Amino acid sequence: MMDFFLYIIGFMATAFAVSSTIPQIRKALRIKKSDDVSIRFILLLIVGLSLWVVYGIGKNDIVIIIGNVIAVALNTFMLILKIVYSRNPLNEED
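Residues numbered from 1 in each chain as written. Predicted model: local features only at pLDDT ≥ 70, side-chain atom pairs only at ≥ 80, totals over all residues. Heavy atoms only, no water.

A.B. asks: How do you make sense of unusual backbone geometry when you look at a structure like this?
C.D. replies: Glycine aside, residues mostly have negative phi, and peptide bonds are mostly found in the trans state. One non-glycine residue, Lys-32, adopts positive backbone phi at about 60°. With respect to the helices, strands and loops of the structure, Lys-32 is situated in the loop between α2 (22-31) and α3 (39-59). Assessed through its relative accessible area of 47%, Lys-32 is described here as partly exposed. Positive phi, close to 55°, is recorded for Asn-60, a residue that is not glycine. With respect to the secondary-structure elements, Asn-60 resides in the loop between α3 and α4 (62-85). (Helix = DSSP H or I, 4+ residues; strand = E, 2+ residues; numbered from the N terminus. Buried < 20%, exposed > 50% of the residue type's maximum accessible area, 1.4 Å probe, protein only.)

So, in structure tokens, the structure goes:
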């Protein structure tokens, strides 16, 4: 029974963590600007989340795998928005 509750808590934690990118994506789509988002942050996050996917596969943990695959996809989409909607996506001096 305790394993079931931990499984539910894992999915809830994943849902909250993964959904944290959605407001930024919505804002970028709405205003067609993403200059306020750091490309370095997005890239580091994608690498870290990808490593979590590998870890989840190694541990055969479906909660870690699913959550982080979704997070990688959302952050990759945010990276695309950063590139498309920024005046100079690689220049973060502004």
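A.B. asks: What is the right way to look at the environment of Ile-46 in this model?
C.D. replies: Along the chain, the position of Ile-46 falls in helix α3. Residue Ile-46 is classed as buried on the basis of its relative accessible area of 14%. Not counting residues up to four positions away in its chain, the partners in contact with Ile-46 are Val-72, Asn-75, Thr-76 and Leu-79. (Contact = heavy atoms within 4.5 Å.)

A.B. asks: Help me out: how do you make sense of the nonpolar core in this one?
C.D. replies: One broad rule of soluble globular proteins: the nonpolar side chains tend to lie buried together. The biggest cluster of nonpolar side chains holds 14 residues, and the ones touching the most others in it are Ile-42, Ile-46, Val-72, Met-78, Leu-79 and Leu-81. Every element with two or more residues in this core is listed here: α2, α3 and α4. (Core = buried A, V, L, I, M, F, W, Y, C linked by side-chain atoms within 4.5 Å.)

A.B. asks: Just checking my understanding: could you explain α4 for this structure?
C.D. replies: Along an α-helix, residues three or four apart share an orientation, since each turn contains 3.6 residues. In a regular helix each residue adds 1.5 Å, so 24 residues correspond to 34 Å; α4 covers 34 Å between its end C-alpha atoms and thus fits that length. Those residues of α4 that sit buried are Val-63, Ile-64, Ile-65, Gly-67, Asn-68, Ala-71, Val-72, Asn-75, Met-78, Leu-79, Leu-81 and Lys-82. Looking at the buried side of α4, the elements it contacts are α1 (2-19), α2 and α3. Two to three positions downstream of the cap, the backbone nitrogen of Val-63 sits 3.1 Å from a side-chain oxygen, assigning the N-cap of α4 to Asp-61. (Expected span 1.5 Å × (residues − 1). Polar contact = N/O pair within 3.5 Å; in protein donor to acceptor, adjacent residues only side chain to side chain.)

A.B. asks: Help me understand the packing of α3 against α4, please; the structure alone is not making it clear to me.
C.D. replies: Axis angle and axis distance: for two packed helices, these are the angle between their axes and the distance between the axes, and together they describe the pair. At a closest axis distance of 9 Å, the pairing of α3 and α4 adopts a crossing angle of 160°. Comparing their axes, α4 and α3 come out roughly antiparallel. The two elements α3 and α4 meet at a crossing, and its hand is left-handed. Every residue of α4 that contacts α3 at Ile-39, Ile-42, Leu-43, Leu-45, Ile-46, Leu-49, Ser-50, Trp-52, Val-53, Tyr-55, Gly-56 and Ile-57 is listed here: Ile-64, Ile-65, Asn-68, Val-69, Ala-71, Val-72, Asn-75, Thr-76, Met-78, Leu-79, Lys-82 and Ile-83. (Axes fitted to C-alpha atoms, helices over the stretch in contact; angles between N-to-C directions. Parallel < 35°, antiparallel > 145°, perpendicular 65-115°, else oblique. Left-handed = near helix turned anticlockwise from the far one by under 90°.)

A.B. asks: Sorry if this is basic, but what is going on with the pattern of salt bridges here?
C.D. replies: Where charged atoms from two side chains of opposite charge come close, those side chains can pair. Across all of its chains, the model carries 2 salt bridges by this definition. Between Lys-27 and Asp-36 there is a salt bridge; the shortest N-O distance is 3.0 Å. Note that Arg-87 and Asp-35 form a salt bridge whose closest N and O atoms lie 3.2 Å from each other. Placement of the pair is Arg-87 in the segment after α4 and Asp-35 in the loop between α2 and α3, with a sequence separation of 52 residues. Residue Arg-87 is classed as exposed on the basis of its relative accessible area, which comes to 68%. (Salt bridge = Lys/Arg side-chain N within 4 Å of Asp/Glu carboxyl O.)

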